[in-house]
Amino acid sequence: MTSGPHSHSNPAPSLRLRLKPKGPVTGYVDGGWWPHSRDLAAELPELAAVLSVRLGPIQRIAYAMDTWETAPNRVDVDGRHVRMEGFRSQDRDTVAVTGLNGQRLSLLVVPPDAGDTAGHDAMMAAAHRDNADSPSSILRGARVRRGAATSSTP
């Protein structure tokens, strides 16, 4: 007996995100995000959709221009336009996500090419309730090594 053709599609990679528990704001970041690529336009719709549970509809996302591939001025998330704001002065290890209500989350960005253990450890440290370390300290502490894909700020 033979069966018909089967299509095997690779499932989309899952969102790698950890947030601090809701509560008083402490530290530099509110959690960690480990994107799969440096293509911000491809990575952000899923991130924004998930963060809208905590922030409500997302209004804008600020990022360090030198860390990402060229990004559009906006992306569509659940039928809404989310404004993208690239800055040369922003910490290359963070993105800031702001909701329509003004609430904001600052996320540590784990480089896409980080090793499994180091990437996981960095996300978990960033999401620890009492963590007040700077983004670069968190990455250093988790032994995240920057690959060739990560550009440095001039």
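Parameters and conventions
Residues numbered from 1 in each chain as written. Predicted model: local features only at pLDDT ≥ 70, side-chain atom pairs only at ≥ 80, totals over all residues. Heavy atoms only, no water. Helix = DSSP H or I, 4+ residues; strand = E, 2+ residues; numbered from the N terminus. Contact = heavy atoms within 4.5 Å. Areas by Shrake-Rupley, 256 points an atom, 1.4 Å probe, with all protein chains shown as cover. Pairing = 2+ DSSP bridges. Axes fitted to C-alpha atoms, helices over the stretch in contact; angles between N-to-C directions. 1 Å grid on protein atoms, 1.4 Å probe; cavity = no way out; pocket = protein on both sides within 12 Å on 5 of 7 lines; lining within 4 Å. Points joined across faces, edges and corners; volume = space filled by probe spheres on them. Expected span 1.5 Å × (residues − 1). Bend = angle between axes of the 7 residues up to and from the residue. Buried < 20%, exposed > 50% of the residue type's maximum accessible area, 1.4 Å probe, protein only. Arc of directions from axis to C-beta.

Participant: Got a minute to help me understand the overall build of the protein in this structure?
Facilitator: Along the protein, the regular secondary structure elements total 3 helices and 7 strands. By sequence separation, contacts in the protein at least 24 residues apart represent 65% of the contacts at least 6 residues apart. Of the roughly 8800 Å² of accessible surface on the protein, 50% is carried by carbon and sulfur atoms.

Participant: Hey, could you run me through the sheet that holds strand β7 (residues 104-109) in this one?
Facilitator: Strand pairing in a sheet relies on backbone hydrogen bonds, with the paired strands running either antiparallel or parallel. Pairing in this open sheet of 7 strands is mixed, and the strands run β1-β2-β7-β6-β3-β5-β4 from one edge to the other. Looking along the sheet, the strands with just one partner apiece sit at the ends: β1 (17-19) and β4 (74-77). Direction aside, neighbouring strands of the sheet carry axes that sit 25° apart on average. Against the sheet, helix α2 (residues 116-126) makes contact with β1, β2 (31-33) and β7, and its axis sits at roughly 150° relative to β2, the strand it touches most.

Participant: Any chance you could explain the layout of surface pockets here in plain terms?
Facilitator: Leftover empty space is mapped by rolling, across the atoms, a probe with the size of a water molecule. Space inside the largest pocket adds up to approximately 330 Å³. Along the walls of the largest pocket sit 15 residues, with Pro21, Gly23, Val25, Asp30 and Arg54 positioned nearest its centre. Those elements that provide at least two residues to the lining of the largest pocket are α1 (40-55) and β7. When its volume is computed, the second largest pocket comes out at roughly 170 Å³. Along its surface, the second largest pocket is lined by Tyr28, Arg60, Ala62, Glu85, Phe87, Gln90, Thr94, Ala96, Thr98, Arg104, Ser106 and Pro135. Secondary-structure elements contributing two or more residues to the lining of the second largest pocket are β3 (58-64), β5 (80-87), β6 (94-99) and β7. It is β6 that provides the largest number of residues to the lining of the second largest pocket, a total of 3 residues.

Participant: How should I be thinking about α1 in this particular structure?
Facilitator: Owing to its 3.6 residues per turn, the α-helix aligns residues three or four sequence positions apart on the same side. A rise of 1.5 Å per residue sets the reference length of α1, with its 16 residues, at 22 Å; its end C-alpha atoms lie only 20 Å apart and thus fall more than 12% short of the reference. At Ala49, α1 shows its largest bend, some 25°. Those residues of α1 lying buried are Leu40, Glu43, Leu44, Leu47, Ala48, Leu51 and Leu55. Just downstream of α1 lies Gly56, where phi reads positive at about 80°.

Participant: I keep staring at α2 and nothing clicks. Help me out?
Facilitator: Those residues of α2 that sit buried are Ala118, Gly119, Ala122, Met123 and Ala126. Looking straight down α2, one finds that the buried residues subtend no more than 130° of arc, so they occupy a single side. Seen from the open side of α2, the exposed residues pointing more than 90 degrees away from its buried face are Asp116 and Thr117.

Participant: What exactly am I supposed to notice about the side chain of Ser106 here?
Facilitator: Inspection of the secondary structure puts Ser106 in strand β7. Residue contacts for Ser106: discarding those within four places in its chain leaves Tyr28, Val29, Asp30, Gly31, Thr94, Val95 and Ala96.

Participant: In this structure, what is going on with the pairing of β3? I would like to understand it.
Facilitator: In terms of residue burial, β3 counts as a mostly covered element, since 5 of its 7 residues are buried. Here β3 pairs with β6 via 5 bridges, running antiparallel. From the neighbouring strand, Ala62 faces β6, where its bridge partner is Ala96. Looking at chain direction, β3 and β5 are connected through 5 bridges and run parallel. Following the sheet pairing, Tyr63 is matched in β5 by Gly86.

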